[in-house]
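# Architecture at a glance
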Amino acid sequence: MLSYINILDGLYYASILYLLSLGLNLVFGVSKLLNLGHGSFYSLGAYITAWFIGIALSYYRQSQALLLIPYLGIAIGAIAVAAIGALLEKTIIRFLYNITLERQLLATYGILLIFSDIERMIWGGNILSAPQPVDLLGNINVGGYYYPTYYILLIIISFSIGIGMHLFIYKTDIGILIRATSYDRELAPGLGINVRRVSTVTFLLSAFLAGLAGSLIVPITSATLGMEIEPLILAFIVSVIGGLGSFWGSLIGSILIGELRSLGIALFPEIELAIVFLIAAIVLAIRPEGLLGKRYGR
Amino acid sequence: MIFVIFTALLTVLPYLLPDYYIIVLSYALSFAIASLGFNLLLGYTGLLSFGHASFFAIGAYTVALIARYMPRIYSLEIVIPIALGVSALSAALIGAICIRHTEAHFSILMLAISMIIYSLIFKFYNITRGSDGLPVPIPKMLGLSLSEMPRSEYITSIFYYILISIFIASTFIMYLIVSSPFGKALQAIRDNPGRAYLIGINVKLYRYYSFILSGIYTGLAGALWSIVNGYTSPEIAHWTFSGEIAFMTLLGGYTLFIGPILGAIIYTFLKLYAVIYTPYWLFTTGVAITAFSLLLPRGIGGGIMDIYKIMIYNKEEKRKVVEKYVRK
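Small disclaimer: the values here were computed from a predicted structure and weren't measured. (Residues numbered from 1 in each chain as written. Chains lettered and ligands numbered in written order. Predicted model: local features only at pLDDT ≥ 70, side-chain atom pairs only at ≥ 80, totals over all residues. Heavy atoms only, no water.)

## With respect to the overall build of chain A
Note the following rule: Under the scheme used here, helices are H or I runs from DSSP no shorter than 4 residues and strands are E runs no shorter than 2 residues, and both carry numbers assigned from the N terminus. Radius of gyration: over C-alpha atoms. The globule rule applied is 2.2 Å multiplied by the number of residues raised to the 0.38 power. In summary, the charge assignment counts Lys and Arg as positive and Asp and Glu as negative, without counting His or the chain termini. We put the charge of a Lys on NZ, of an Arg on CZ, of an Asp on CG and of a Glu on CD.
Along its length, chain A carries 11 helices and two strands. Sequence-ordered secondary structure for chain A, helices as α and strands as β, is α-α-α-α-α-β-β-α-α-α-α-α-α. Computed over C-alpha atoms, the radius of gyration of chain A comes to 19 Å, within 12% of the 19 Å expected from 2.2 N^0.38 for 298 residues, which places it in the range of a compact globule. Seen through its C-alpha atoms, chain A measures out along the principal axes to roughly 60 × 45 × 35 Å. Treating the 16 positive side-chain charges of chain A as one cloud and the 15 negative ones as another, the clouds have centres 11 Å apart.

## Focus: the pairing of strand β1 (residues 139-142) of chain A
Quick reminder of the rule: When DSSP finds two or more bridges between two strands, those strands count as paired.
In the sheet, β1(A) pairs with strand β2 (residues 145-148) of chain A via four bridges, with the strands oriented antiparallel. Residue A:Asn139 lies in a different strand from β2(A), and its bridge partner there is A:Pro148.

## Re unusual backbone geometry
One non-glycine residue, A:Lys32, lies in the positive phi region at around 55°. Note on placement: A:Lys32 falls in the loop between α1 (4-31) and α2 (38-59).

## Structural notes on helix α1 (residues 2-16) of chain B
All names here are of chain B. Threshold: Multiply 1.5 Å by the residue count of a helix minus one, and that product is the helix's expected span. The bend at a residue is defined as the angle formed between two axes, one fitted to the seven residues ending at that residue and one fitted to the seven starting there. Using a 1.4 Å probe on the protein chains alone, a residue whose accessible area is under 20% of its type maximum counts as buried, one over 50% counts as exposed, and one in between counts as partly exposed. Should any heavy atoms of two residues lie within 4.5 Å, those residues are counted as being in contact.
In this model, α1 (15 residues) spans 20 Å end to end at C-alpha, consistent with the 21 Å of a helix rising 1.5 Å per residue. The sharpest bend along α1 measures roughly 30° and falls at Leu10, with the proline Pro14 sitting one to four residues further on. Among all positions of α1, only Leu10, Leu13 and Pro14 are buried. Check the buried side of α1 and you find it contacts α2 (19-44) and α7 (151-179).

## As for the confidence of the model for chain B
The condition that has to hold: Every residue gets a pLDDT, meaning the predictor's confidence in that residue, from 0 to 100.
Taken over all residues, the pLDDT of chain B has a mean of 80, while the share at 70 or more is 94%. Looking at the elements of chain B, mean pLDDT is at its lowest for helix α15 (residues 315-326) of chain B, recorded as 68, and at its highest for helix α10 (residues 203-229) of chain B, recorded as 88.

## A short note on helix α14 (residues 299-312) of chain B
Compared with the 20 Å implied by 1.5 Å per residue over 14 residues, the 20 Å span of α14(B) between its first and last C-alpha is a close match. Of all the positions in α14(B), only B:Gly299, B:Gly301, B:Gly302, B:Gly303 and B:Asp306 are classed as buried.

## Quick notes on the interface of chain B and chain A
Our working rule: Buried area counts how much accessible surface, traced with a 1.4 Å probe, disappears from two parts once they are put together, with both parts' losses summed. Classification used: nonpolar for Ala, Val, Leu, Ile, Met, Phe, Trp, Tyr, Cys and Pro, charged for Asp, Glu, Lys and Arg, polar for all others including Gly.
In this complex, chain B contributes 47 residues to the contact, which on the side of chain A involves 46 residues. Taken together, both faces of the contact between chain B and chain A bury some 4,200 Å²; the carbon and sulfur share is 76%. On the chain B side of the contact with chain A, B:His105, B:Ile108 and B:Trp239 bury the most area, a combined 15% of that side's loss. For the side of chain B that touches chain A, the secondary-structure elements that each account for two or more residues are α5 (103-123), α9 (193-198), α11 (239-252) and α13 (281-295) of chain B. It is α5(B) that provides the largest number of residues to the side of chain B that touches chain A, a total of 13 residues. When the residues that make up the side of chain B that touches chain A are grouped by side-chain class, the tally is 29 nonpolar, 13 polar and five charged.

## Some words on the nonpolar core
Looking at soluble globular proteins, one finds that nonpolar side chains tend to be buried together. The line we're drawing: Definition used in this section: a nonpolar core is a set of buried Ala, Val, Leu, Ile, Met, Phe, Trp, Tyr and Cys residues joined via side-chain atoms within 4.5 Å.
Judged by nonpolar contacts, the single largest core of 200 residues is most densely connected at A:Ile237, A:Phe277, B:Leu10, B:Phe159, B:Phe211 and B:Trp239. When residues of this core are assigned to their parent elements, the largest contribution, 15 residues, is made by α1(A). Setting aside anything within four residues of it in sequence, one finds B:Phe159 in contact with B:Leu76, B:Tyr154, B:Leu224, B:Ile227 and B:Val228. In this structure, B:Ala185, B:Ile189, B:Ile201 and B:Val203 belong to the second largest nonpolar core, which totals five residues.

## Regarding the packing of aromatic side chains
Operational definition: Only Phe, Tyr and Trp rings are paired, with Trp represented by its six-membered ring, and only when their centres lie within 6.5 Å; those with planes under 30 degrees apart are stacked, over 60 edge-to-face, the remainder tilted.
All told, the structure shown has 19 aromatic pairs over all chains when counted by the stated rule. Aromatic pair A:Trp51 and A:Trp123: ring centres 6.2 Å apart, planes at 75°, arrangement edge-to-face. A residue pair is termed long-range when its members are at least 10 positions apart, and A:Trp51 in helix α2 and A:Trp123 in helix α4 (residues 101-123) qualify at 72 residues. Taking the centre distance of 5.6 Å and the plane angle of 80° together, the rings of B:Tyr160 and B:Tyr161 count as edge-to-face.

What follows is the structure, given as structure tokens:
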């Protein structure tokens, strides 16, 4: 039984994947780095937000600020993750730009493992949940069905942030620097571009997007250990089938994968993930460079 | 020469070490076969697969499923060839899709396919018993039933010798493969696919062959591992296990032939002690992986080789070796 709700569910999942894959694509486009550690930004965002909301609400249980705290928590989560990302870029990631892809993937895989254990050290193995934003907003009537307003808000926020990022890249001066670096990393310094700083900024943006995705999802799913694995893999799939480094590709790819996943859950709950990966494999078998990607060398 | 010493050492080890270490070593040797196969793809063909765990799981589940559904033919000399065949077949199928890509696309596609296999194993509860996993009883051998034997005794006595003979045979075959013209062609493809194509090497076909061989090795390793472990669970199909195989290879050094073997043995024992002494095993591994891929890209084996080279070489050649680490 399919309905609007399935489409909305797909969109909500797509919006999270969109934020994640946009970050992946940004870093890949500028620095030619495939960052497996991207997933840890997602889970860090989720943990920080849930942690903040939990603490803040225990202090201000009766106050008028009750409505504001969750949103503050989401913003703080995303910004904190951006800061962590910038720090990480300054210390480790910047040594990864010029090494071979295998070593990049392995090094960032190591970062993913490190962060997952850091989360365990700080927050323990418990589930950290913060359902207040969803509860506070209540439900909305969509074509005869009641649907949580927070989900709609999430879709709107993440797609508008994504489109804001497009505008940032295509309309502002910093965006021009980022694009110039992504076209030719070797020529860019010749034009007076500080490539190292551009790389830091893009990494910070990508961490921000991933942290935001995690912060936005935590009221719905709670923060758990290992929560980053599935979205990370799906975001990779989205980036690859959309075309690595292509922004519109990640938009189309995330909507495709999000909707497929939601339809898969509705129709074939047994093999939902398998269907998503199967479609991805078919797309790649037909169009190796992804839907909107540029052809790459042999 | 090294080969002979190694063989002799493996053969006498059960008399020297307690059973416990022999069991850990059996795990290490089955991982070593997997990372040998993995390294044919990474070190010799230049393709990083982030989904080799799926072949490992296919090998292991072939054994476990035969034990469950066809106990009549559940005998070691039948099970192992079937596992080889099944993993070859699945490698041929998966390879037909994946090998069209290189670099990151290949890695990600392999990751996706391994996750398909993971979720299939996980979700088809009726066949694979999902996350409960399947038991792998002690197989018959040449019509001889050994099921009364305690598992630890079986692994440290009969199966240990079977394992090391398979291990040595597969290492030897792998050595023949990489030093044959076919192996040299693969290395040419790794270094420069365009030039390899121009001198008349069928790049895609050779990559495909290498992929299938690599899948067979990993499947064999999975089959042996399942008998050592006595139990299979979907965890071994998860992509983090692919990461572990990759890490073993990197730890030992993927530029060396014996690197993967060294890496698998070091990794297994390292993990044993790390799990005993610290609850934060992932953190330790993560730091090690990141540090290795940044500082010591040629792994422990490569590092030892380089120190040896620095000791015997003259000044000019010394500089070349050192530059590999300093550059970047």
